[in-house]
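Close look at the chain arrangement
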Amino acid sequence: MTSVATSVFSVAQSASRVIAGLLTEVAAKNHAKNKKVASGSLDWFGWHSRPSFLSLAAFIGALAHGILAIPGLGSGGFIVGVALSGIAFGTVWPVMVLVVGDVFGKANLGAIYLWFDGSTLAFGSLFLSKLLSQYVYEQHRLYPNLDAMGDADTSSCFGDGCFQLTHIIITLLCLAATVSPIELSRRTHNRSIR
């Protein structure tokens, strides 16, 4: 199952990188045509806004981790969650480069993007992947309950509960992450693209 899940994630994230790049390019051209917006109108946040793709990716990520947090879905639910997670992951990073270039310009894109990419990866890798997931796993391994059975001798945890809380927290973070691109889109709507 691990090799299948890894393959599904890889294919989903690779395909979404290409598709997201293409769609945001089409969206940027449409955005340039639709820049005139009446004051107080919500037309600034259409599908044509590049930051809206970040909101969409965060929502897909929330959906993916929400599915992964549901106990008892079996291997089919697991594969769907992994595929959606790959789509979200593959959409975020190429779109982030384009949004950073649109908002801050392309003169210092490498340095500015490195700050966005490096800080989020460092924070996510350390706090979410290492500390949070390890803490939840260890708690279920050392103090088993109905949704997870632990084995202190083999350092193993078996059951839905081993990572469920981690997926729930990441779902909530992804839902919160849908808001900031909406605000970015509102603030930068009248800026020129390119």
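None of the values given here were measured: they were computed from a predicted structure.

**Comments concerning the packing of aromatic side chains**
On inspection of all chains with the given rule, the structure shows three aromatic pairs. Residues F9 and F89 carry aromatic rings whose centres are separated by 5.8 Å and whose planes lie at 45 degrees to one another, so their mutual orientation is tilted. In this pair, F9 is assigned in helix α1 (residues 2-33) and F89 in helix α3 (residues 74-104), connecting sequence segments 80 residues apart. We classify F89 as partly exposed; its relative accessible area is 35%. Judged by centre distance (5.0 Å) and plane angle (45 degrees), the ring pair of F123 and F127 falls under tilted. In this pair, F123 and F127 both sit in helix α4 (residues 109-142), four residues apart, roughly one turn of the helix. A residue is classified by how much of its surface remains accessible, and F123, at 47% relative accessible area, is partly exposed. What links up through ring pairs into an aromatic cluster is the set F9, F89 and W93.

**What about the nonpolar core?**
Among the nonpolar cores identified, the biggest contains seven residues, and these are A20, A27, F53, L54, V95, V99 and V103. For this core, the elements supplying multiple residues, two or more each, are α1, α2 (50-69) and α3. At three residues, α3 tops the list of elements feeding residues into this core. The residues contacting L54, other than those within four sequence positions of it, are V92, V95, M96, V99 and P181. By size, the runner-up hydrophobic cluster in this structure holds six residues, among which are V92, W93, M96 and V100.

Cut-off values and rules
Throughout, residues of each chain are indexed from 1 in the direction in which the sequence is written. Selection of residues for local features in this predicted model requires a pLDDT of at least 70, selection of side-chain atom pairs for listing and counting requires 80 or more, and totals for whole chains, interfaces and linings are taken over all residues. Values shown for side chains rest on all heavy atoms present in the structure; no hydrogens or waters enter the calculation. Aromatic pairing here means that ring centres of Phe, Tyr or Trp (its six-membered ring) are within 6.5 Å. Orientation follows from the plane angle: under 30 degrees is stacked, over 60 is edge-to-face, and everything else is tilted. Put simply, DSSP marks the helices as runs of H or I at least four residues long and the strands as runs of E at least two long, and each gets a number from the N terminus on. Accessibility here uses a 1.4 Å probe with only protein chains present; expressed as a share of the type maximum, an area under 20% marks a residue as buried, one over 50% as exposed, and anything in between as partly exposed. To define a nonpolar core, start from buried Ala, Val, Leu, Ile, Met, Phe, Trp, Tyr and Cys residues and group those joined through side-chain atoms within 4.5 Å. The contact criterion used is simple: two residues touch if any of their non-hydrogen atoms lie within 4.5 Å.

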